Amino acid sequence: MPNTYGSRTLTEWLTLVLGVVIILVGLFFVIAGADLAMLGGSVYYVICGIPLVAGGVFMLMGRTLGAFLYLGALAYTWVWSLWEVGFSPVDLLPRDFGPTLLGILVALTIPVLRRMETRRTLRETV
């Protein structure tokens, strides 16, 4: 039997913590990105921050949609980075390394989120 803390397993708690981290990153992107956009900079951060906040909220709700929102934002990040700097590894590294690491963690949470969704669905039908 897995370690449980309350009614959640350790992996579920770690998934929820990751959701909070994604919400915080998304809020920073939206707030700082809005300032940057008002100064004439890129609107990428605002556009990317909105699905990050939504994705983190859905992860806190135990929904796989949250993971897929993050992964969609990650794909958008890669497209934006390639458009902005091309295929230069030195220039891509600071733009994509952190988000990709988080993306790997998010992808690993998909089975946990599916289990949480299934359990919630079963509770709602009973």
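Criteria and cut-off values
Residues numbered from 1 in each chain as written. Predicted model: local features only at pLDDT ≥ 70, side-chain atom pairs only at ≥ 80, totals over all residues. Heavy atoms only, no water. Helix = DSSP H or I, 4+ residues; strand = E, 2+ residues; numbered from the N terminus. Expected span 1.5 Å × (residues − 1). Buried < 20%, exposed > 50% of the residue type's maximum accessible area, 1.4 Å probe, protein only. Arc of directions from axis to C-beta. Contact = heavy atoms within 4.5 Å.

Under the annotation held in an unreviewed UniProt entry, the chain carries the name Glycerol dehydrogenase and is attributed to Gluconobacter potus.

Participant: Even after reading the chapter, I still don't get helix H2 (residues 44–60), so can you show me in this structure?
Facilitator: Along an α-helix, residues three or four apart share an orientation, since each turn contains 3.6 residues. In a regular helix each residue adds 1.5 Å, so 17 residues correspond to 24 Å; H2 covers 25 Å between its end C-alpha atoms and thus fits that length. What H2 keeps buried is the set Tyr44, Cys48, Gly49, Leu52, Gly55, Gly56 and Met59. In an axial view of H2, the angular spread of the buried residues amounts to 130°, which keeps them on one side of the axis. Contact partners of the buried residues in H2: helix H1 (10–38), helix H3 (64–85) and helix H4 (89–125). In the segment just after H2, Gly62 is the residue with positive phi, at about 75°.

Participant: I'm lost on H1 in this one. Help?
Facilitator: Over its 29 residues, H1 extends 42 Å from the first C-alpha to the last, a length consistent with the 42 Å expected when each residue adds 1.5 Å. Within H1, burial applies to Glu12, Thr15, Leu16, Leu18, Gly19, Ile22, Ile23, Gly26, Phe29 and Gly33. If you follow the buried residues of H1, they end up packed against strand S2 (8–9), H2, H3 and H4. One or two residues past the end of H1 sits Gly40, with phi positive at roughly 95°.

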